[in-house]
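Report on the structure
Letter by letter, the chains look like this.
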Amino acid sequence: MSKVVVLNHPLIDHKMTIIRDKNTGSKQFRESVSEIGGLITYEISRDFETVPKVVESPVCRVDGFELAKKIVIVPILRAGLGMVDGIHDMIPHAKIGHIGLYRDEETLQPHTYYAKFPTDIKESLVLVVDPMLATGGSASAAITILKDRGIYNIRYVGLVGTPEGIKKLQEDHPDVDIYLAALDSHLNEEGYIVPGLGDCGDRLFGTK
Ligand SMILES: O=c1ccn([C@@H]2O[C@H](COP(=O)(O)O)[C@@H](O)[C@H]2O)c(=O)[nH]1
Ligand SMILES: O=P(O)(O)OP(=O)(O)O
Ligand SMILES: [Mg+2]
């Protein structure tokens, strides 16, 4: 069974409260989503493998380290895009793939409209990024798209999850560890997370 990590950090809690507030404007919302993405990266990367690397400091030779594996960030469009800059700031050599999914408003089922990945993604550790793990359908479908292409070294990175979403993701993909900034109570009848933060894509891009 996969690991579920819900981060517990005062800066993350502070910024999560900003993005949950319906009175937060789109500039601060976008900035905070990205910043939380950066802070979460610290935890996701805690067990990243490193290999030795020798460099010359201005003073002498130093035995240092570099990351052993390539990293690919794969946001689920659109909402996942909001976290990319913050993660990329922490791992600037990471490449970026994209998966386009939208949820049918009636059935809540995910529909795929786009997928594009770096050519060397199979040798990389892949971070699937979507702020909202609601029913878990979008995250599960995105990970299935990757596995269908032979990509298996995957972690899910989100902001707000639900027990339902975690259960679905763990059942469908027991090998994929889940990293979240908060675990909320439940889903409402429209499939929104309670208390959540509303429709993340719409708040990021001003579409409602
Ligand atoms: O409160 C919410 C719930 C969902 N979203 C958007 O939906 C998907 C995830 O939903 P699943 O049911 O887990 O497939 C996510 O990409 C968000 O864009 C939301 O914004 N707010
Ligand atoms: O998952 P959805 O349907 O909310 O799509 P988007 O993230 O593009 O708003
Ligand atoms: Mg979405």
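Analysis parameters
Residues numbered from 1 in each chain as written. Chains lettered and ligands numbered in written order. Predicted model: local features only at pLDDT ≥ 70, side-chain atom pairs only at ≥ 80, totals over all residues. Heavy atoms only, no water. UniProt positions renumbered as here; feature names shortened; annotations may be inferred. Near = heavy atom within 4 Å. Polar contact = N/O pair within 3.5 Å; in protein donor to acceptor, adjacent residues only side chain to side chain. Areas by Shrake-Rupley, 256 points an atom, 1.4 Å probe, with all protein chains shown as cover. 1 Å grid on protein atoms, 1.4 Å probe; cavity = no way out; pocket = protein on both sides within 12 Å on 5 of 7 lines; lining within 4 Å. Sits in = over half its atoms within 2 Å of the grid points. Helix = DSSP H or I, 4+ residues; strand = E, 2+ residues; numbered from the N terminus. Nonpolar A, V, L, I, M, F, W, Y, C, P; charged D, E, K, R; others polar. Buried < 20%, exposed > 50% of the residue type's maximum accessible area, 1.4 Å probe, protein only. Arc of directions from axis to C-beta. Contact = heavy atoms within 4.5 Å. Points joined across faces, edges and corners; volume = space filled by probe spheres on them. Axes fitted to C-alpha atoms, helices over the stretch in contact; angles between N-to-C directions. Parallel < 35°, antiparallel > 145°, perpendicular 65-115°, else oblique. Left-handed = near helix turned anticlockwise from the far one by under 90°.

Per an unreviewed UniProt entry, the chain carries the name Uracil phosphoribosyltransferase and comes from Alteracholeplasma palmae. Its UniProt record, at the heading Function (unreviewed entry), says of the chain: "Catalyzes the conversion of uracil and 5-phospho-alpha-D-ribose 1-diphosphate (PRPP) to UMP and diphosphate." Taken from UniProt, the Sequence similarities (unreviewed entry) comment for the chain reads in full: "Belongs to the UPRTase family."

Focus on the site of ligand 1
Lining the immediate environment of ligand 1, one finds 16 residues, of which Arg103, Asp130, Thr135, Ser138 and Gly198 sit closest. The contact in question runs from an oxygen atom of ligand 1 to an N or O atom on the side chain of threonine 135, over 2.5 Å. One of the side-chain nitrogen or oxygen atoms of serine 138 is found 2.5 Å away from an oxygen atom of ligand 1. For ligand 1, the accessible surface in isolation is 470 Å², of which the surrounding protein chains cover 92%. If you map ligand 1 onto the pockets, it falls in the largest pocket. Within the residue set of the shell around ligand 1, elements represented by two or more residues are strand S9 (132-133) and helix H4 (137-148). Classifying every residue of the shell around ligand 1 gives seven nonpolar, six polar and three charged.

With respect to helix H1 (residues 10-20)
Listed in full, the buried residues belonging to H1 are Ile12, Lys15, Met16, Ile18 and Ile19. Along H1, the residues classed as buried sweep out an arc of 155 degrees about the axis, all on the same side. For H1, exposure combined with an orientation more than 90 degrees from the buried face picks out Pro10, His14 and Thr17. For H1, the secondary structure elements touched by its buried residues are helix H2 (26-44), strand S11 (160-161), strand S13 (182-183) and helix H6 (200-205).

Things to note about the site of ligand 2
Taken together, Leu77, Arg78, Ala79, Leu101, Tyr102, Arg103, Asp199 and Gly201 make up all the residues around ligand 2. Between ligand 2 and the protein, one listed contact pairs an oxygen atom with a side-chain N or O atom of arginine 78 at 2.7 Å. Contact distances for ligand 2 include 2.8 Å between an oxygen atom and a backbone N or O atom of arginine 103. Of the pockets mapped on this structure, ligand 2 occupies the largest pocket. Among the elements that make up the shell around ligand 2, the one with the highest residue count is strand S6 (residues 98-103) (three residues). In terms of residue class, the shell around ligand 2 is built from four nonpolar, one polar and three charged.

Structural notes on the layout of surface pockets
Space left empty within the atom packing is revealed by a probe, the size of a water molecule, rolled over the atoms. Estimates place the volume of the largest pocket at around 710 Å³. Lining the largest pocket we find 30 residues, and of these Tyr102, Arg103, Tyr192, Asp199 and Gly201 sit closest to its centre. For the lining of the largest pocket, the class distribution of residues is 14 nonpolar, seven polar and nine charged.

Details of the packing of H2 against helix H3 (residues 81-90)
As a packed pair, H2 and H3 sit with axes 7 Å apart at the nearest point and diverge in direction by 40 degrees. Comparing their axes, H3 and H2 come out oblique. For the element pair H2 and H3, the recorded crossing hand is right-handed. Counting all contacts with H2, which are made through Arg30, Val33, Ser34, Gly37, Gly38, Ile40 and Thr41, the residues of H3 involved are Gly82, Met83, Asp85, Gly86, Ile87 and Met90. When the residues that make up the contact of H2 with H3 are grouped by side-chain class, the tally is five nonpolar, six polar and two charged.

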